[in-house]
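# Summary of structural features
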Amino acid sequence: FTYPSSSFFFFARSTKMADQPPNPQNRMKLRDGRYLAYKERGIPKDDAKFTIVLVHGFGSSKDMNFNVSQEFVEETGIYFVLYDRAGYGESDPNPKRSLKSEASDVQELADGLQIGSRFYLIGISMGSYTVWSCLKHIPQRLAGVAMVAPVVNYRWPSIPKSLMKNDYRREVLKWSFWIAKYFPGLLHWWVTQNMFPTTSVLEKTPANYFNDQDIEVLKHTKGFPMLSKEKLREHGVFETLRSDFLVAFADWDFDPADLPDPFPSGPEKSPSSVHIWQGYEDKVIPFQLQRCLCHKLAWIKYHEVPKGGHLIVHYEGVCDAILKSLLLGEDLPMYKPKAVVTEP
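Residues numbered from 1 in each chain as written. Predicted model: local features only at pLDDT ≥ 70, side-chain atom pairs only at ≥ 80, totals over all residues. Heavy atoms only, no water.

As annotated in an unreviewed UniProt entry, the protein chain carries the name Serine aminopeptidase S33 domain-containing protein and is attributed to Brassica napus.

Here it is in structure tokens:
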């Protein structure tokens, strides 16, 4: 997997948000017979004021880092559910993985855990395509949504050609997708033999993918275990990453820009909302694409971290700000862009 896709890898355990006691039944059987593994964090479910399902990104797992302070979690009353998406961690692979199946997995998880008719949903990086699918297929189940450094699919018709014209990521993704779809054996050989001579391409050349703040974050993490040569030699790991990549960047059956507001205002203003958080210095997803999408979807609240890269979810204070905005309606001025540039 080349530049745009490999940069979605991040796998680190949170040191702030406490796990709940281990649940011996932390794998749920779905209707199609697959098992979905999950983890509960925060305060006990029955005592919570807010329930949040967290969706990890490419190469991560339910052990992902969401750097929110335990004090804030307890004061606000937040219960989190994190789960391994199909094929990741302890969850069974889904040979029929699709945009819709990702939303179905979220819905079945929520029903199985009995977390209520509505819940909040947060997607990190490539996990955001699951969130877009939920906005399309199960909007009635959502109490509010946030996407952090969300993936953008260059096949969406709503992206202006003028924004893609000089964006080399588009061509790299185009060829990566073609090779992943039609020559998986060649891709597997290439990434294990050539792309990862040591441990991880991201660890070897971090400046290609991350800004200065991201690189500081990387100094305090334990690396990218799913991008190691040893892990990628495992057929199951490679196929999970490949299928995830292909679904994310294939032709979608809808364009996010055509989605209706999932929380239209009635007689009283709805407290529910949709948010996108983007780093201005993100080298993986250009901020211009997020600004353009949010201009088309005026109901999305757009937040921009001025010196943020792709790993803003790991920056001190950002996750607290995400939750304050999503749950409490509190927005900090520093995360509001001075000007949102519309399409040229």
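Turning our attention to the overall build of the protein chain. Per the secondary structure count, the protein chain includes 13 helices and eight strands. The burial tally for the protein chain puts 59% of its 344 residues in the buried class. Total accessible area on the protein chain stands at roughly 15,000 Å², and carbon and sulfur atoms take up 53% of it. (Helix = DSSP H or I, 4+ residues; strand = E, 2+ residues; numbered from the N terminus. Buried < 20%, exposed > 50% of the residue type's maximum accessible area, 1.4 Å probe, protein only. Areas by Shrake-Rupley, 256 points an atom, 1.4 Å probe, with all protein chains shown as cover.)

Along its 15 residues, helix H3 (residues 99-113) runs 22 Å from first to last C-alpha, staying within 8% of the 21 Å computed at 1.5 Å per residue. Just beyond H3, the residue with positive phi is Gln-114, at close to 55°. (Expected span 1.5 Å × (residues − 1).)

Before going further, it helps to spend a moment on the packing of helix H6 (residues 168-182) against helix H11 (residues 235-249). Interhelical geometry of H6 versus H11 gives an angle of 130° and a closest axis separation of 10 Å. One finds that H6 runs oblique with respect to H11. In terms of crossing hand, the pair formed by H6 and H11 is left-handed. Side by side, H6 and H11 meet where Leu-173, Ser-176, Phe-177, Ala-180 and Lys-181 of the first sit next to Arg-242, Phe-245, Leu-246 and Phe-249 of the second. Taken together, the residues that form the contact of H6 with H11 break down as six nonpolar, one polar and two charged. (Axes fitted to C-alpha atoms, helices over the stretch in contact; angles between N-to-C directions. Parallel < 35°, antiparallel > 145°, perpendicular 65-115°, else oblique. Left-handed = near helix turned anticlockwise from the far one by under 90°. Contact = heavy atoms within 4.5 Å. Nonpolar A, V, L, I, M, F, W, Y, C, P; charged D, E, K, R; others polar.)

The mixed open sheet is built from eight strands, whose spatial order is S1-S2-S4-S3-S5-S6-S7-S8. Every interior strand has two partners, whereas the edge strands, strand S1 (27-29) and strand S8 (300-305), have only one. On average, each strand axis in the sheet is tilted by 25° relative to the strand beside it, whichever way the strands run. Two elements, strand S3 (residues 50-55) and strand S5 (residues 119-124), share four bridges in a ladder whose sense is parallel. From the neighbouring strand, Leu-54 faces S5, where its bridge partner is Ile-122. Of the strands in this sheet, S1, strand S2 (35-42), S3, strand S4 (78-83) and S5 are in contact with H3, which crosses S4 at around 130°. Packing of helix H4 (residues 128-137) onto the sheet brings it into contact with S3, S4, S5, strand S6 (142-148), strand S7 (274-279) and S8, and relative to S6 it is tilted by some 150°. (Pairing = 2+ DSSP bridges.)

With that settled, consider H11. For an α-helix, 3.6 residues make a turn, and residues three or four places apart therefore share a direction. Its 15 residues give H11 an end-to-end C-alpha distance of 21 Å, which sits within 8% of 21 Å, the value for a rise of 1.5 Å per residue. The buried count for H11 comes to eleven of 15 residues, which makes it a mostly enclosed element. Every buried residue belonging to H11 is among Val-237, Phe-238, Thr-240, Leu-241, Arg-242, Asp-244, Phe-245, Leu-246, Val-247, Ala-248 and Phe-249, and all of these are buried.

Counting residues in hydrophobic clusters, the biggest one holds 68 residues, and the most contacted among them are Leu-109, Leu-121, Trp-132 and Leu-135. In terms of residue count, the dominant contributor to this core is H11 (eight residues). Setting aside anything within four residues of it in sequence, one finds Trp-132 in contact with Met-147, Val-151, Trp-156, Trp-252, Phe-254, Pro-256, Leu-259, Ile-276, Leu-293, Leu-297 and Ile-300. Listed in part, the 36 residues of the second largest apolar core include Phe-50, Val-73, Tyr-209 and Cys-319. (Core = buried A, V, L, I, M, F, W, Y, C linked by side-chain atoms within 4.5 Å.)

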